Amino acid sequence: MPEALSMNQVIHAAVRRDVARTEQALRALPEGDSSRARQIQSAWGNLVRELTHHHEAEDENIWPFLEKRGHDRELLAAMESEHVAMKQALSSASTAIAAVATSPTAAHATAAANAVSACSEVVNAHLDHEERDVEPIAQQLEDDPEWKAMAKKLRPASIVDAANSLAWMEDGAGERERSSLRATIPGPVVSLLTLLLARRYKRQVAPAWR
């Protein structure tokens, strides 16, 4: 049986999945289909929101915590630098996708797909680096009381935000991701939150991937 993923890895899997299917959706966009273009833009906006919350929480909490504990400053500086590059790549892709929503031509769709592809390289390189070099450190600190207290600051700002995030993590996830998520957060809690409070995701985002 495959090893369970951490919550961080479950989030990363959702990011990788959304970047990939956004590029695919743009390459398959029918000429002039403004409704489909707006769906893609809405789904992309959700990804940017989720990923921005994730990396800003790391910048504000995890990297300072690890630096205080004496971990490799060069590694932490690289993480911050990669976050800046990722933010720039997301912005470029967002601009290109906005052009598609405004004018859904084949040329704009191709340009946006290429921008998302370029963004994918930046994002995936960072996620791979973090999982390779930071994830083992985090695993060693799982039972540390100060780490646990800090980790609470990484949570979404409200229960509604949490519900929408959980719905996003589960949408299109494989069995390993789903079982890992529900090993961290009890399955009934995930089900109840996503059923009752994930309205924004279900209405504004999920239709893009149906």
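Residues numbered from 1 in each chain as written. Predicted model: local features only at pLDDT ≥ 70, side-chain atom pairs only at ≥ 80, totals over all residues. Heavy atoms only, no water.

1. What to know about the overall build of the protein chain
When you go through the protein chain residue by residue, the secondary structure sums to 10 helices and zero strands. Starting at the N terminus and walking to the C terminus, you meet the elements of the protein chain as α-α-α-α-α-α-α-α-α-α. Here the protein chain has a C-alpha radius of gyration of 18 Å; the compact-globule value for 210 residues is 17 Å, and the two agree. Projected onto its principal axes, the C-alpha coordinates of the protein chain cover approximately 55 × 40 × 35 Å. Considering only contacts within the protein chain whose residues lie at least 6 apart along the sequence, 81% involve residues at least 24 apart. Approximately 10,700 Å² of the protein chain is accessible, and the part contributed by carbon and sulfur atoms is 54%. Across the protein chain, the mean location of the 24 positive side-chain charges is 8 Å away from that of the 30 negative side-chain charges. (Helix = DSSP H or I, 4+ residues; strand = E, 2+ residues; numbered from the N terminus. Rg over C-alpha atoms; globule rule 2.2 N^0.38 Å. Contact = heavy atoms within 4.5 Å. Areas by Shrake-Rupley, 256 points an atom, 1.4 Å probe, with all protein chains shown as cover. Lys, Arg positive; Asp, Glu negative; His and termini not counted. Charge placed at Lys NZ, Arg CZ, Asp CG, Glu CD.)

2. Remarks on helix 4 (residues 106–133)
Given a rise of 1.5 Å per residue, 28 residues ought to cover 40 Å, and the 40 Å separating the end C-alpha atoms of helix 4 matches this to within 8%. For helix 4, the full list of buried residues reads A109, A112, A113, A115, V116, C119, S120, V123, H126, L127, H129 and E130. On the buried face of helix 4, the contacting elements are helix 1 (7–27), helix 2 (34–68), helix 3 (73–102) and helix 5 (135–140). (Expected span 1.5 Å × (residues − 1). Buried < 20%, exposed > 50% of the residue type's maximum accessible area, 1.4 Å probe, protein only.)

3. A closer look at the environment of S81
Tracing the backbone shows S81 in helix 3. What makes S81 partly exposed here is its relative accessible area of 46%. With 31 residues separating them along the chain, S81 and E50 place their C-alpha atoms 19 Å apart.

4. Focus: the environment of D171
Tracing the sequence through the fold places D171 in the loop between helix 7 (159–170) and helix 8 (175–184). With 21 residues separating them along the chain, D171 and L192 place their C-alpha atoms 15 Å apart. Ignoring any residue separated from it by four or fewer positions in sequence, one finds D171 in contact with R17, R21, Y201, A206, W209 and R210. Side-chain polar atoms of D171 contact the side chain of R210, separated by 3.2 Å. (Polar contact = N/O pair within 3.5 Å; in protein donor to acceptor, adjacent residues only side chain to side chain.)

5. Here we look at the packing of aromatic side chains
One pass over the full model with this rule turns up one aromatic pair. Seen in terms of ring centroids, F65 and W147 are 5.4 Å apart; in terms of plane orientation they differ by 75°. Their pairing is edge-to-face. In this pair, F65 sits in helix 2 while W147 sits in helix 6 (residues 145–151), placing the two residues 82 residues apart along the sequence. The class of F65 is buried, set by a relative accessible area of 10%. (Phe/Tyr/Trp six-rings, centres within 6.5 Å; stacked < 30°, edge-to-face > 60°.)

6. Overview of the pattern of salt bridges
As enumerated under the stated definition, the model contains 12 salt bridges in all. Across the pair D18 and R21 runs a salt bridge whose closest N-O atoms are separated by 2.9 Å. Here D18 pairs with R21, and both are found in helix 1, just three residues apart, close to one helical turn. Like D18, the residue R21 is buried in the burial classification. (Salt bridge = Lys/Arg side-chain N within 4 Å of Asp/Glu carboxyl O.)

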